[in-house]
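Below are the chains, spelled out letter by letter.
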Amino acid sequence: MQTTFKSSKWLPYLLLSPSVIIVFIFFIIPSGESLFYSFFRLNITGTRKIFVGFTNFVRLFSDPEYIDSLIRSVLFTVIVVCLGLAISLGIATVANNKSKFFNIYRTLLIWPYALSPAITGMIWSLMLNPKIGVISNLLYNIFGISFNYMTNSTHAMVFIIVAAIWKMLGYNIIFFLSGLQMVPKELIEAAIIDGASPWKRFIKITIPLISPTTFFLIIMNTLYAFFQQFGLLHVVTEGGPGRATDLLVYKLYRDGFISMNTGYASAQSIILLLIVTGITFFQFRTAKKRVFYGN
Amino acid sequence: MKKVLLMCILLVASCMLFATGTKEVEEKTYSIPENVKAAGTVTFWHAMSGSKTAIVDGYAKEFMEMHPEITIEPVYSGSYAETVTKGLAAIKARKPPVLLMSYEVGTQTMLDSGAIIPVYQLNKGEFNFDEITEPILKYYSVNGNLNSMPFNSSTAMMYYNKDMFRAAGLDPESPPTTFDEVAEYSKIIMDAGLASGGISFGWPAWILEQMHAYHNKFYANNENGRNGERASEVLLNGKLGVEILTEWQQWAKDGVLSYGGRTYKANDPFIAGEFSMLLQSTSSLAGIIKSSDFEVGTAFLPSLPGYEKGNSVIGGASIWVLKGHSDEVNAAAWEFLQYLAEKDNAVAWHKKTGYFPVNKDAYNTLVDEGWFENDMRFRTAFDQILNGSDSTAATGALLGNFVQIRDIVGAAIEEVVVNMQDPKTILDSTKVKCDQVLSDYISTVE
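Residues numbered from 1 in each chain as written. Chains lettered and ligands numbered in written order. Predicted model: local features only at pLDDT ≥ 70, side-chain atom pairs only at ≥ 80, totals over all residues.

Peer 1: Quick question: what am I supposed to make of the pairing of strand β2 (residues 70-76) of chain B here?
Peer 2: The side chains of a regular strand alternate between the sheet's two faces. Across 7 bridges, the pairing between strand β1 (residues 40-46) of chain B and β2 of chain B is parallel. Following the sheet pairing, T43 of chain B is matched in β2 of chain B by E73 of chain B. (Pairing = 2+ DSSP bridges. Helix = DSSP H or I, 4+ residues; strand = E, 2+ residues; numbered from the N terminus.)

Written out as structure tokens, the structure reads:
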């Protein structure tokens, strides 16, 4: 017997409702509230609101600390994404050569991703501890660099970048590996017969064929680098020394939850929302033109 | 595009609509009605971590045995800042705890929050506030009224490594008393190869506040915000502030100052013997003595010549009673607060932690018991604070949104001692930032 599926007018809405409700409760309403508060100066318990119009936004962009933080975040993101993806692609290419322990390597490589950012921070602060850290001692003994992320701004930034890249490495490698395995063997073989060098094969065949993966990873890594560094920063540097590692997300936390400037922090969250919308929009638009999805 | 613009305008307009009439009427004074029996559950959010959590739990347990109709629920809620943040979020959500611990910098903010019942209004004469140790009472009183119950009070002092002093040929019984001596002794110790640095601080922004009071200088206008007007300007970029930061910067350049973060991170390297001296809260005393395998010495804070003698400021935290609970519960909370301030509890608290006992008689009891002869180090902070001046400048500042100001100053100090920026320039721009915070704050409360 065949059952016919009678579609009612309401069924699609009903089926959509769980996700719509979740989006509403956790995204739309809080964002709306942030937008609302960004036009106010509130007292500490939120019982008094003074309407200040666009003052919070004006102040934000005339605050050198915020501009610095913005530039710092952008630089940080660019470095983490570029360096992170390059290293992961390199490792993935090596790991893709079927070796004896392929499966073990693959499992080991995903491990860093399973750690919480705070744990990542703890591990790296131990390794890079100015006095007792393994890596900082090696750096000192081999290169004569006395690495101290607590008192040196550049060192602190390097620390954060390295830890952030390392954390995302496993995730990137796994995706690159699956991307690399999708590359048809015949194409590579044909290229070998035509006499293309390994480098040429990599640039002309592999890279274009894995571009959907790369594109996906660029989006994920950008969002990761820009928005998910709170745990790491909170554990390691707390934005310091000075404001050397004060990324936008950390500044937002400080202003909103330590200094209790609800209005000012809301304005910052609106800017962050605009940035993330912008990034996604831009990447999807260019993706249509550049990314090769196959036939 | 037009639609978006229209929506924006509508949104702003609706915000303005909401904004009118949100100023709430100020509360009347509260008092517990007659014949109310203290009972119910008293939630108490505090920031006493580690071994201190167990001590607080112990007080609650003992109290409940004496008062079976009252349940005390102490909850460790993270660091001071986290506890205050959680408390304020709970107030906003209209589910406040009954008792909330707030560190000293939250005092003005809590006072203006409109969410608290001042303890002097709860007191109907059953507790004599004069029993509270005087400098502590002075710090937490505003216009002569005590608003929150002091619990864990501390101040800053100097810790030093006596073994290291001995090894360097310095007299371990005469620690440095001036900034110059700190630098001089540090260099002797460093030259002898005993340590890689000379001195470090915990809570550097707080130490700067301490230094102002210690040299009898105001940290903020309106007599530190204590003359009835709220402070609207900080005075940290005066001669003293610049002099201190210039000195610290010189220390950093010479390797004498080993910067150790904004809270307690400097304790571990001190215990590990990486530098010989540490300016830190007295509350670390018991912990440092326990963890060090060298002889720990304690001393007064070092000073600069040419200033009047002030006093070190009370730090630590006090306990606030929050609105939104029944009279029975308020009475129960007040009962518990009195219990905490009793002499025996204050004595025990001091011995286990190094915090000041809040009860005046506790000091005498400790002397009678011979506690200080047993360990003179516990006495240093008392001597420092009881020998100091009781002027308003030495009492410390009351600032609105002090938490943010301390954060701004903390970053400024890092700019000076880590990034080697010019002290005067940094302090001037810090003052501008802090004054903005104060004027914003005042605009939301007045």
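Peer 1: Just checking my understanding: could you explain the domain arrangement of chain B for this structure?
Peer 2: Interfaces are often sized by the accessible area lost when the parts come together. All names here are of chain B. Per the domain assignment, the segments of chain B are domain 1 (40-153 + 314-387) and domain 2 (156-312 + 400-439). Each of domain 1 and domain 2 was reduced to a C-alpha centroid, and the two centroids are 27 Å apart. Listed per partner, the contact involves 20 residues of domain 1 and 20 residues of domain 2. Elements with a minimum of two residues in the side of domain 1 that touches domain 2: α4 (107-112), β12 (315-322), α15 (343-353) and α18 (380-387). No other element matches α18, which puts 4 residues into the side of domain 1 that touches domain 2. Taken together, the residues that form the side of domain 1 that touches domain 2 break down as 6 nonpolar, 11 polar and 3 charged. (Domains from an automatic or database assignment. Contact = placed C-beta atoms within 7 Å. Nonpolar A, V, L, I, M, F, W, Y, C, P; charged D, E, K, R; others polar.)

Peer 1: In this structure, what is going on with the environment of F275 of chain B? I would like to understand it.
Peer 2: Residue and element names in this part refer to chain B. With respect to the helices, strands and loops of the structure, F275 is situated in strand β10 (residues 275-281). Take F275: there are 27 C-beta atoms within 10 Å of it, and that puts it in the buried class. Considered as a pair, F275 and Y160 are 115 residues apart in the sequence and their alpha carbons are 8.8 Å apart. In this structure F275 touches A195, G197, G198, I199, S200, S258, P269 and F270, once residues within four positions along its chain are discounted. (Buried ≥ 20, exposed ≤ 12 C-beta atoms within 10 Å, placed from the backbone.)

Peer 1: Explanation requested: α15 of chain B in the structure shown.
Peer 2: Within an α-helix, residues lying three or four positions from one another point in the same direction, as the helix has 3.6 residues per turn. All names here are of chain B. Among the residues of α15, N345, A346, W349, H350 and T353 are the ones counted as buried. One face of α15 carries all of its buried residues, which in axial projection span an arc of 135°. Where α15 is buried, its residues contact α2 (51-66), α13 (285-291), α14 (327-340) and α16 (360-369). Where α15 terminates, the next one or two residues include G354, which has phi positive at roughly 100°. (Arc of directions from axis to C-beta.)

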